Every structure is written in structure tokens, then in C-alpha cells.
Amino acid sequence: MCGIVGYVGPRAALDVLVPGLEGLEYRGYDSAGVALIGAGGLTVTKTAGRMADLVAALDAEPITGSVGIGHTRWATHGAPTTGNAHPHRDCDGTVAVIHNGIVENWAALRAKLIANGHEFASDTDTEVIAHLVEDRADMDLADAVRDVMKLADGSLAIAVVRTDEPKRIVAARRGSPLVIGRGDGENFLASDIPAFLRHTKKVIAVDDDRVVDLTAESIVITDLDGNETPISEREIEWDLEAAEKGGYPTFMLKEINEQPTAITDTLRGRIDGTGRIEFSELELDNKIIRMIDKVFVIACGTSYHAAMMAKYAIERWTRLPVEIDIASEFRYRDPVLDDRSLVIGISQSGETIDTLAAIRYAKAQGATVVGLSNVVDSALARDADAVLYTRCGPEIGVAATKTFTTQLVMLQLFGLYLAQNRGTLDPGTIGNLVAAIKELPQTVERALQLEDQIRGMTGEWADTRDFFFLGRAGDFPVAMEGALKLKEIAYVRAEGYPAGEMKHGPISLIEKGVVVIGIATDSHVRAKTLSNMEEMKARGGTIVMVVEEGDEDEVASVADHVIAVPNSPDLICIVNAVVPLQFLAYHIANAKGLDVDKPRNLAKTVTVE
Ligand code: G6P
């Protein structure tokens, strides 16, 4: 996830691009850059770091022009360095391109371009677009971009300028967001409305596989064959703050709703046409994958709940023994590790010091370490032997939501990848599970429709002090995460517990007024969870059951409320089950008037032991 912005009109373009990019920093902030076309031709300034670094570079060496494009990056291909920052240029510096998304076939395109004599200056997938446009120098710029869009696979929102067309920007969209702002004698483009909202409230959404030809006076949108398509314009009523949150009242609610897109982006390019799982970035020799005899998964907070799920997934699908540890405990128990151990460190930020210390310890014992992070080139990514990334874009709300569900998805995929490469599951079973994972953006989208039901049921719980979240097997990590969300943002005592263990102690706390939420989507233990929930009901608890669609009748007699999530097989379904619990915590906190994005005493990234 990155932010792009473009301006064409009478003003100094930088006066629009810089504040525009500052408004988009929530989409990514590891490097930034601008390209302007002015009297002196095409100039590009870019820097690693935040917008403030770019502004300092522009102050040190001012550039001018009234047509320009700008980018704030959240790295997906190539480390967040100045060289990899956008805009990217062609060989002779006549074309500049910014891009949000992933060009999936970049490696093949790059190899071909290099064979034809092009020289690359970065490690990014984006740079191929600049060189492909360069190869079409004799074509009209919009024709060239249409042609390139047909060659590039994957998700693209791009904007291109070329020195021989100094009053024009051509942009295109597939998958990644792109909106146009219509001004008076000037026009704007961006990933999101906050980038130009201070200049115009007239907004045009761009559909997939459309090319936008922008001058100061005109906006023309065509399909990839050059046929003009109708433009539908609307007037935005949000202010700037609301716009950054995409019209949602909080970042957390926005991020909950972004989960289908975050999962789609995370899956992109990782399952080939035949259903085979490919992790092109995972530089881990297949020999090591075959040699490992034990797996450790280490994390903190919400990421630890993803680790809990990983244990079930990897053990179930590979028959490798898996130990899981809270990172701050790992080193101090003197774990038995050697060079046949695989350690997976999970940290969305990649900077949690306990997790870093744990994986460094594991490496020192000879283990192979795979990191799972949402931040490219984070400390975890650099310290690990190999790294996998979720691709959610920055998460601003302190309570993890989209980073958690994408961790679950990546760990399920990684479990199946191990099974595929070690031959522990038959290809048909892997194929069915992979197909279900590919369906998750749709099933999670449907789970988001449960919000109204949950808001309705939580209305009466604003003053409830005690919640239990119970589950068994794959539903247990979901219970733990549901409880943690409620503690974090609603400041309510909430316990996540294995449903079958309640009878050994905590059941003494169940009485009238206690809300007990049972998660029962993992089919092989559902009946047992239900019996445990009967025990809670008998002690006076208010019972909420989270089940799969179709199981509502089975739980009707025990439950005061039933939440039915879309079906997915085996452990995959727990991704759907997490969503209503995020809403549950959110609406209880919201009803109490709490700041859900910045809960008291918590930090998004914890860099102290
Ligand atoms: C903090 C955050 C949690 C997060 C935990 C681990 O405590 O408030 O939301 O789950 O750190 O973060 P990590 O970046 O390592 O996943």
C-alpha cells in the first residue's frame, strides 16, 4: 500500500504534491518522491524516510514545474531506500512513473527488458513500467500506457509523465485505488481523496482497467482499447480528518473493513495458476524445509494468537511437532533448539524487542529463522534467515485487526507450503484448502455484514464487567484474540480460555451478568464446545455462540445470541470468526465513548523488554 498523487494546472505543482503526500502518509511512509515537468525538463527528487526528509531535500535543492506526480511508499518489492523510492525513470530520463500495487510478472518483464538493453536503477517491480513506456516512445502517451497495462499483471494504480507531453499526466488503474479530483482549470489524481480535498470536493472514481488522460482543462477516461467511458462525478461532504479515515469514524473501523482487500493483497502472486503455493521472496532452500524436525513459533500480543493458530495448522498438515512461545518467555526457559529447528518469528511491526531478542537467541542456537512481518526491511526481516510479508499497508489503530487476519492467512498458507514441499498432505486436500483460502476475501466481506447485528447486541453490555471467550482447538486462538481486543480497547476484564478447561476453576466465576462467548467453528470439536457452553448457561451466564452458517439451529437452545459466520473448511474458517469479535470489542468501547484508536497505556510498537 502506497500513496500516489498527481497535479496538472497553473500552480507550482509542489504546492499541491507535498501537502497531498502528507495527507497520504497513513498509506505508507518509508520513502517518498516527486517528479516535475518544468522549463528544464523532467526533475525527480526522492528520499528514504518520511515526508519531512523529502521536504528537507526539496528545500535544499528546489525544483519547479506545474505538472507533477508524487509518491509515498510502503515497500513491497525492494528495501525502503532512496534508490527504490518512486518516481522511477526510464533509461534516458524522459519518462517518470509512480505506482501503488504489485506488478506480478515483473521478473519476466525485467529480464526481457534487460536482454533488450535497458538498464535498471532499482530493485522495484515498478521500474519495468517506466522502461516499457520508454519502448513506446513513438506512441501517444495514453496509447503507450494502455499497451503497458495489457502487459503488466497484478494490481496497478500508476501515473506517468513524459517530457515530450509536458502538460499531461496519464494514469491507469487495476486493483489499487485511484480517484480523480476535478478543479477549475486544474486537475488532480490520488490514491485517496485526502490528498486533494483542500483543493476540490469534486471526485471521480476510476474503475478497473481504465486509463485516465489528464490535462489542466480535460479529463478523459478510456478502457484498455481506447474507447471512451462515461465519467460519474460526485461531491464529497467529508472534512480532511474524516477523509483520511475513508469516511469511517476511526482508523480501527476502517482497518476492520479493509480486511478483504488486505487478504487479497497478501495472497497476490502466492498461489500459481495450478493452485501451487509459491513464496518467491522466501529464500529458504528446499533442503532445509525437508530437513527440519521441529518448529517453534514465537510472538507477542495479537501476533502470539496467530502463533497459536499456526501450531494447529502446521501440526495438522505436516505432522511436525510445533512449540509456541510468548517471545518474552522463550529465552528464559532454555528451549531445546538445533540446526534442524525452524523458528517462525511473527511481528506485524517487525520491531518488537522481545520477539527480536527471541529470534536472535534461536539463531545463535543454530536454528533457521523465518520472519513474518507487515513491514518490509524491518528489524525482524533483516535479522531472520528468510522473511514472509503480509501486505496490509500501515495499521494505525493500536489494536491489531487487519495485520492479524493476514497473519492467519499467511501462516495457513505457509503450513500448506510445508505440507506441499514435504509431501505430507495429498495434493487434492492441499488444493481444496488453498481454494478455500482464495475465497477468504469474499467470506470475510460477508462476515463484515454482521456489524449491525453485533452493534445491536452489545448495546446492553456497556456496563458489563466480566466476559469469557471460550473455544477449543482452532477456535481457542480466536477466543484469546476476542478477549484481548475487548481488554485493549474497552478496558473490560475478559478472559480467553479453553472451553474444556473451565470446569477446573474459572467456572466458579460464572453467574448471572457474566457474558460468555463460545466460538464453535472447528467442526471436530463443535459438539464438545457446545456441551461446555451448556455448563455456562446452567450457571446463569448470558451465552453468545459464534458458529458457521447452517449451524444456528443446533445452538439455538443454548444461546441467547447466535452469530453465524460464512463457512470455510478446517482451520480456514477461523479467519471469518475473528471479524465479529473485532466488532464486538469495537462497539462496546465505542458505546463507552473511549478512544479506540489510542487506548490508554498501550503502544503500537513496543521496543522495550
Ligand atoms: C503491542 C500492540 C499489540 C501487538 C503487540 C505485538 O503490544 O499493542 O497490538 O499485538 O505489540 O506487536 P507486533 O508488532 O510484534 O506484532
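Note that the structure is a prediction, hence the values are computed from the model and not measured. (Residues numbered from 1 in each chain as written. Predicted model: local features only at pLDDT ≥ 70, side-chain atom pairs only at ≥ 80, totals over all residues. Heavy atoms only, no water.)

**Topic: the site of the ligand**
Argument step 1. If you check the shell around the ligand, you find 14 residues, and the closest are Ser 303, Ser 347, Gln 348, Ser 349 and Thr 352.
Argument step 2. Here an oxygen atom of the ligand sits 3.0 Å away from a polar atom, N or O, in the main chain of Thr 302.
Argument step 3. In the model, an oxygen atom of the ligand is placed 3.4 Å from a nitrogen or oxygen of the Val 398 main chain.
Argument step 4. Coverage of the ligand by the protein amounts to 91% of the 390 Å² it exposes when considered alone.
Argument step 5. With 3 residues, helix α10 (residues 301-318) is the single largest residue contributor to the shell around the ligand.
Argument step 6. Each residue belonging to the shell around the ligand can be placed in one class, and the counts come to 5 nonpolar, 7 polar and 2 charged. (Near = heavy atom within 4 Å. Polar contact = N/O pair within 3.5 Å; in protein donor to acceptor, adjacent residues only side chain to side chain. Areas by Shrake-Rupley, 256 points an atom, 1.4 Å probe, with all protein chains shown as cover. Helix = DSSP H or I, 4+ residues; strand = E, 2+ residues; numbered from the N terminus. Nonpolar A, V, L, I, M, F, W, Y, C, P; charged D, E, K, R; others polar.)

**Some points on the domain arrangement of the protein chain**
Argument step 1. Here the domain parsing of the protein chain yields domain 1 (3-244), domain 2 (254-438) and domain 3 (446-591).
Argument step 2. Between domain 1 and domain 3, the C-alpha centre-to-centre distance is 45 Å. (Domains from an automatic or database assignment.)

**Some words on helix α12 (residues 353-364)**
Argument step 1. With 12 residues, α12 should cover 16 Å at 1.5 Å per step; its first-to-last C-alpha distance of 16 Å lies within 8% of that length.
Argument step 2. Where α12 is concerned, the buried positions are Asp 354, Thr 355, Leu 356, Ala 357, Ala 358, Ile 359 and Ala 362.
Argument step 3. Close packing links the buried residues of α12 with β15 (294-299), α11 (327-330), β17 (341-347), β18 (368-373) and α13 (379-383). (Expected span 1.5 Å × (residues − 1). Buried < 20%, exposed > 50% of the residue type's maximum accessible area, 1.4 Å probe, protein only. Contact = heavy atoms within 4.5 Å.)

**Here we look at helix α16 (residues 451-458)**
Argument step 1. All buried positions along α16 are accounted for by Glu 451, Ile 454, Met 457 and Thr 458. Along the axis of α16, the buried residues cluster in a sector spanning 135 degrees; they form a single face. Residues Asp 452 and Gly 456 are exposed on α16 and point more than 90 degrees away from its buried face. (Arc of directions from axis to C-beta.)

**Overview of the side chain of Arg 168**
Argument step 1. Counting through the fold element by element, Arg 168 comes out in the loop between β7 (154-162) and β8 (169-174).
Argument step 2. We classify Arg 168 as buried; its relative accessible area is 10%.
Argument step 3. Among the polar contacts listed, one links the side chain of Arg 168 to the side chain of Asp 140, at a separation of 3.0 Å.
Argument step 4. At 2.8 Å, the side chain of Arg 168 forms a polar contact with the side chain of Glu 165.
Argument step 5. Excluding residues that lie within four positions of it along the chain, Arg 168 makes contacts with Val 67, Asp 140, Leu 141, Ala 142, Val 160, Val 161, Asp 213, Leu 214 and Thr 215.

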